[in-house]
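# Breakdown of the fold
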Amino acid sequence: MKLIVGLGNPGRQYTRTRHNVGFWVIDQLSEQWGIPLGKEKWKGEVGEGFVNGEKVILLKPMTYMNLSGESVKPALDWLKLDLEDLCVIYDDLDLPCGQIRLRLKGSSGGHNGMKSIIRHLGTDQFKRIKIGIDRPAGNLSVPDYVMSPFRQEELETVLDAVDRAKEAVNEWVKTDFLHAMNQFNVRK
């Protein structure tokens, strides 16, 4: 069984923001795999189904970004999953817009959603897929930047990254995460 978590903020006003690209990947996986989201469990929106004979759980925490661990930890505990069966997908300021990076473990990198998950799990030893959103230019604060929508000229690049992140998850479910890392950790 695999638990695939996409980070974001609930609410229509956040749907198209940079901070919600993790939700975008979960929505695409839901559509591709025919696994409807909508169940409310573990303070999140959940979909359950089978892919290549393996049970997968899609989770979008509805706790707001800074409290994501309040959704992920109960899900792992209830499902009795090992950390090796968890993958978290989220935005990353330190990657160029549109680049993705898969990692087996690591720090939060200052990302508040990841800080919350690491704090609740008591470890940073879990898989993650980061989607680059760049850093803000000029005087725009980081909170204002991540809560803003992508500029039109960035959108195609970001949608391509979301698609590649979705395909990386598919590769993980089909083979293993190291294989997915080798295939998708390519600099553009």
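Computed from a predicted structure; not experimentally measured. (Residues numbered from 1 in each chain as written. Predicted model: local features only at pLDDT ≥ 70, side-chain atom pairs only at ≥ 80, totals over all residues. Heavy atoms only, no water.)

This brings us to the pairing of strand S5 (residues 86–92). Of all the 7 residues making up S5, 7 are buried; the element is thus mostly covered by neighbouring parts of the structure. In the sheet, strand S1 (residues 2–6) pairs with S5 via 4 bridges, with the strands oriented parallel. Along S5, the bridge assignment pairs Leu3 with Leu86. Looking at chain direction, S5 and strand S7 (residues 127–132) are connected through 6 bridges and run parallel. Opposite Asp91, over in S7, you have Ile131 as the bridge partner. (Buried < 20%, exposed > 50% of the residue type's maximum accessible area, 1.4 Å probe, protein only. Helix = DSSP H or I, 4+ residues; strand = E, 2+ residues; numbered from the N terminus. Pairing = 2+ DSSP bridges.)

As a further point, take the packing of aromatic side chains. By the definition in use, this model includes 3 aromatic pairs. Centroid distance Tyr14 to Tyr64: 6.3 Å. Interplanar angle 85°. Geometry classified as edge-to-face. Residue Tyr14 is found in the loop between S1 and helix H1 (21–33), and its partner Tyr64 is found in the loop between strand S4 (54–61) and helix H2 (69–79); the two are separated by 50 residues along the sequence. On the basis of relative accessibility, which here comes to 42%, the residue Tyr64 falls in the partly exposed class. In this structure, Lys60 packs its charged tip against the face of Phe23, placed 4.9 Å from the ring centre. The side chain of Arg128 reaches across the aromatic face of Phe126, ending 4.5 Å from its centre. (Phe/Tyr/Trp six-rings, centres within 6.5 Å; stacked < 30°, edge-to-face > 60°. Lys NZ or Arg CZ within 6 Å of the ring centre and 35° of its normal.)

Turning next to the packing of helix H5 (residues 152–174) against helix H6 (residues 177–184). As a packed pair, H5 and H6 sit with axes 8 Å apart at the nearest point and diverge in direction by 145°. Every pair of crossing elements has a handedness; the one defined by H5 and H6 is right-handed. Across from Arg164, Glu167, Ala168, Glu171 and Trp172 in H5, the residues of H6 making contact are Phe177, His179, Ala180, Gln183 and Phe184. (Axes fitted to C-alpha atoms, helices over the stretch in contact; angles between N-to-C directions. Left-handed = near helix turned anticlockwise from the far one by under 90°. Contact = heavy atoms within 4.5 Å.)

With 36 residues, the main nonpolar core has Ile4, Trp33, Leu102, Ile129 and Ile131 as its most contacted residues. Those elements giving two or more residues to this core turn out to be H1, S4, S5, strand S6 (100–103), S7, helix H4 (142–146), H5 and H6. Broken down by element, the residue count for this core peaks at 8 residues, all from H5. By size, the runner-up hydrophobic cluster in this structure holds 21 residues, among which are Val5, Trp42, Ala75 and Tyr90. (Core = buried A, V, L, I, M, F, W, Y, C linked by side-chain atoms within 4.5 Å.)

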